[in-house]
Amino acid sequence: MLVFLRTALRTIAKTDAVRVIKKFHHKAFSDKYLLVTNVGISLSLSSAGDILEQQYEIYCNELDKWDRKRTSHMAVSGMTVGVICHYWYQILDSRLPGRSIQMVMKKIVLDQLICSPIYISAFFVTLGLLERKSKEEVWDEMKQKAWKLYAAEWMIWPVAQFVNFYWLPLKYRIFYDNIISLGYDVYTSQVKHTG
């Protein structure tokens, strides 16, 4: 039975589909295309988070129907944050190389104290521009809502970033972030649009 399973796994590994996936993976996560890949992942999962939140709001009768414009705005904000995140991780690794516990803790603290406020600000500013809000309206919304997102960041990201900085290579960090962030993106959409 074990011989059969090994043979079957080898056969599956040799199929064209697996080769295509491996080739795509290698290309997408190469240095040449990593920015595009990271931005695409961030855009996609920000959209998915908003769609999930809107479906919940529809289910709770808080929203009549899916708002495509809202989702497209959340996608653009995800794209903006994806670009920031891509370059932030590169800067962080170049200035603080290594994976020692001490280095990882420094990265986590810097990520929370410097980049989290930048991400949150970029989120509100991007959406403010897309919604054609004045600077004052954007600033007022940030004062009312940004603290909720920042508090949630302190609950989620230090542990998640420990895994990210300690175990994962740089090229997979945004992919990992966005998988963790899917739930956070639902919350982000909720804070932005309902509370």
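Residues numbered from 1 in each chain as written. Predicted model: local features only at pLDDT ≥ 70, side-chain atom pairs only at ≥ 80, totals over all residues. Heavy atoms only, no water.

Student: Please clarify how the overall build of the chain should be interpreted in this entry.
Tutor: Looking only at helices and strands, one finds 7 helices and 0 strands in the chain. In the chain, the succession of helices and strands from N to C terminus is α-α-α-α-α-α-α. Principal-axis analysis of the C-alpha atoms gives the chain an extent of 65 × 45 × 30 Å. Expressed as a percentage of the 195 residues in the chain, the buried residues total 36%. Of all intrachain contacts in the chain linking residues separated by at least 6 positions in sequence, the fraction that spans at least 24 positions is 72%. Charged side chains of the chain number 25 positive and 18 negative; the gap between the two group centres comes to 13 Å. (Helix = DSSP H or I, 4+ residues; strand = E, 2+ residues; numbered from the N terminus. Buried < 20%, exposed > 50% of the residue type's maximum accessible area, 1.4 Å probe, protein only. Contact = heavy atoms within 4.5 Å. Lys, Arg positive; Asp, Glu negative; His and termini not counted. Charge placed at Lys NZ, Arg CZ, Asp CG, Glu CD.)

Student: I'm lost on the side chain of H86 in this one. Help?
Tutor: For H86, the position within the fold is in helix 4 (residues 68-95). By relative accessible area, H86 is classed as buried at 6%. Beyond its immediate chain neighbours, meaning those up to four positions away, H86 contacts L34, L35, N38 and I174.

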